[in-house]
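Here is what each chain is made of, one letter per residue.
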Amino acid sequence: MNKRLKENLQSEYFAAANRLQSKKQRRKIVAYVEAYDDIIFWRNVLSRYENEQRYFEIMLPSKKRLTKGKKSVLMNLLTERAGKDMIACVDADYDWLMQGITPISKNILSNPYVFHTYVYAIENFQCYAPSLHNVAVMATLNDRTVFDFVDFFQRFSQAIFPLFVWNIWHYRQNRYSEFTMSDFNHIIETGHLNIHNPDAVIAKVKYKVFRKVKSLQDKNPDAKDSYLALKRELLDMGITPDMTYLYIQGHHLFDNVVVPLLKQVCNKLRQERENEINRNAVHNIQRHNELTSYTRSIEEVTPLLRRNTGYEDCPPYQWLHNDLQHFLANDAEKHQAAALSTNASPAAVPHPSAAR
């Protein structure tokens, strides 16, 4: 039996099995995700839509092989198998920004059973600026504000936005080899960031961006109109200069910008707390016991950031939920209409062995 026939039979089996369930049983919707790290994110997203009628089971692309990634989810599994009982949940990467120019982008935008993050990746949500103070508090148990994350990432985003548009322009023009994502990431690197002087970092990034933008303008003298048209399109899509950091490569943002910044902030907050204990302890035993208790209570920044869920008010996260609500509302209407229009016996369920 060829692969496509096997996949169709398996999808039909899931759908038919759901039709046979009693009204008191919940319908299972399989949600395929790219990798291990994606499972908890999508579990948190989909949990709010579970009820007495349905639940979600989040799975990797294959139970039999260790293949993972967006292409495996979209191309190997969902091209023929997507349906109301099977969906794909993926990172947007640059594919949403391509607006259907590439095959994967077209699939993400046109397939009603594919849901994406809108921001580049899950890491971008985890690095949502308004949530970073809370991450620092969890890591240090010190609620004092020593750095304005929201202001910094707003100014950082404004500084890199013109170059970000150029990077998307090159990908849209199928000329990405001339200005790759890696090239873009290298230019916007913040380097060592002194939390007491963030202005110096912003000024440095602005200067590097200005030089590269000038170079690209000189190299592409006829691109002004198409560049401005793309800029207007991105703005219409809700990608504002204040929020550019949400759409750059997630790993770069997480590893090279946010984690080093958070570590500096947390080191300062921990030092403050330890100084407070040293200053207020009545004797050495109390000092030792208090410092030991504090040390055991605090956590490392990186794992806390990976577990950060303080992005529920982030606009792209709400766009994702809007898509899911629309999908489930349409699905419920179709299910109700089908139930009212037929009194026929339930469809026969193909034997599971037929899908092997």
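Residues numbered from 1 in each chain as written. Predicted model: local features only at pLDDT ≥ 70, side-chain atom pairs only at ≥ 80, totals over all residues. Heavy atoms only, no water.

A. Region of interest: the overall build of the protein. Secondary structure summary: the protein contains 15 helices and four strands in total. Looking at the protein as a whole, 44% of its 356 residues are labelled buried. Taking contacts inside the protein between residues at least 6 apart in sequence as the whole, the part at least 24 apart equals 79%. Of the roughly 18800 Å² that the protein leaves accessible, carbon and sulfur atoms contribute 50%. (Helix = DSSP H or I, 4+ residues; strand = E, 2+ residues; numbered from the N terminus. Buried < 20%, exposed > 50% of the residue type's maximum accessible area, 1.4 Å probe, protein only. Contact = heavy atoms within 4.5 Å. Areas by Shrake-Rupley, 256 points an atom, 1.4 Å probe, with all protein chains shown as cover.)

B. Structural view of the pairing of strand S3 (residues 86-90). Counting buried residues in S3 gives five out of five residues, a clear majority hidden from the surface. Burial along S3 is two-sided: Met86, Ala88 and Val90 and Ile87 and Cys89, pointing in opposite directions, are all buried. As paired strands, S3 and strand S4 (residues 114-116) are joined by three bridges and run parallel to one another. Counterpart to Ala88 in the pairing with S4 is Val114. (Pairing = 2+ DSSP bridges.)

C. Summary view of the pattern of salt bridges. Overall, the coordinates contain 13 salt bridges when judged by the stated rule. For Glu312, the salt bridge is made with Arg48, and the minimal N-O distance between the two is 4.0 Å. You can see Glu312 sitting in the loop between helix H14 (301-306) and helix H15 (315-341) and its partner Arg48 sitting in the loop between helix H2 (36-47) and strand S2 (54-59), a full 264 residues away along the chain. The shortest N-O distance in the salt bridge between Lys268 and Glu272 comes to 4.0 Å. With Lys268 and Glu272 both in helix H12 (residues 250-280), this residue pair falls four residues apart, about one helical turn. Each of Arg144, Lys268 and Glu272 takes part in a single network of salt bridges with overlapping partners. (Salt bridge = Lys/Arg side-chain N within 4 Å of Asp/Glu carboxyl O.)

D. Examining the sheet that holds S3 more closely. The four strands lie next to each other as S2-S1-S3-S4, forming an open sheet whose pairing is parallel. Only two strands of the sheet have a single partner each, and these edge strands are S2 and S4. With strand direction ignored, the average angle separating the axes of adjacent strands in the sheet is 30 degrees. In this fold H2 packs onto strand S1 (27-33), S2, S3 and S4, with an angle of close to 170 degrees to the strand it touches most, S2. (Axes fitted to C-alpha atoms, helices over the stretch in contact; angles between N-to-C directions.)

E. Representation of the side chain of Arg27 in the model. Following the sequence through the fold, Arg27 ends up in strand S1. The exposure class assigned to Arg27 is buried, which follows from its relative accessible area of 11%. A polar atom in the side chain of Arg27 sits 2.9 Å from the side chain of Asp85. (Polar contact = N/O pair within 3.5 Å; in protein donor to acceptor, adjacent residues only side chain to side chain.)

F. A look at unusual backbone geometry. In this model, Gln99 sits at a positive phi of 50 degrees, which is unusual for a non-glycine residue. By the element assignment, Gln99 lies in the loop between helix H4 (95-98) and helix H5 (103-110). At Asn174, a residue that is not glycine, the phi angle is positive and equals roughly 60 degrees. With respect to the element layout, Asn174 can be found in the loop between helix H8 (149-172) and helix H9 (181-187).

G. Examining the packing of H8 against helix H10 (residues 198-219) more closely. The geometry of H8 relative to H10 is characterised by a closest axis approach of 10 Å and an angle of 15 degrees between their N-to-C directions. Between H8 and H10, the crossing angle belongs to the class labelled roughly parallel. Of the two elements, H8 crosses H10, and the hand of that crossing is left-handed. For the pair formed by H8 and H10, the contact residues are Phe152, Arg155, Phe156, Ala159, Ile160, Pro162, Leu163, Trp166 and His170 on the first element and Pro198, Asp199, Val201, Ile202, Val205, Lys206, Val209, Lys212, Val213, Leu216 and Gln217 on the second. Considered class by class, the residues forming the contact of H8 with H10 number 14 nonpolar, two polar and four charged. (Parallel < 35°, antiparallel > 145°, perpendicular 65-115°, else oblique. Left-handed = near helix turned anticlockwise from the far one by under 90°. Nonpolar A, V, L, I, M, F, W, Y, C, P; charged D, E, K, R; others polar.)

H. View of the nonpolar core. Formed by 91 residues in total, the largest nonpolar core has its most connected members in Tyr94, Leu97, Phe153, Phe156, Leu163 and Phe164. Here this core takes 14 residues from H8, the largest share from any one element. Leaving out residues up to four positions away in the same chain, Phe156 has contacts with Ile188, Thr190, Ile202, Val205, Tyr245 and Ile248. In this structure, Val90, Ile104, Ile108 and Val114 belong to the second largest nonpolar core, which totals five residues. (Core = buried A, V, L, I, M, F, W, Y, C linked by side-chain atoms within 4.5 Å.)

I. Seen up close, the side chain of Thr117. Position of Thr117 relative to the elements: it lies in the loop between S4 and helix H6 (122-126). A relative accessible area of 0% means that Thr117 is categorised as buried. Reaching out from Thr117, the side chain makes a polar contact with the backbone nitrogen of Ala92 at a distance of 2.9 Å. In this structure Thr117 touches Phe41, Trp42, Val90, Asp91, Ala92, Ile122, Phe125 and Pro316, once residues within four positions along its chain are discounted.

J. View of the packing of aromatic side chains. By the definition in use, this model includes 26 aromatic pairs. Ring geometry for Phe41 and Tyr317: centres 6.2 Å apart, planes at 70 degrees, overall edge-to-face. Pair noted here: Phe41 is in helix H2 and Tyr317 is in helix H15, with a separation of 276 residues, a long-range link. The pair Phe41 / Tyr317 is uniform in exposure class, with both members buried. Where Trp166 meets Trp169, the ring centres are 5.3 Å apart and the plane angle is 70 degrees; that geometry is what we call edge-to-face. With Trp166 and Trp169 both in helix H8 and three residues apart, the pair spans about one turn of that helix. Looking at Trp166, the relative accessible area reads 3%, which means it is buried. Residue class for Trp169 comes out buried when judged on its relative accessible area of 4%. One aromatic cluster in this structure is built from Tyr94, Tyr120, Phe164, Tyr171, Tyr176 and Phe184. (Phe/Tyr/Trp six-rings, centres within 6.5 Å; stacked < 30°, edge-to-face > 60°.)

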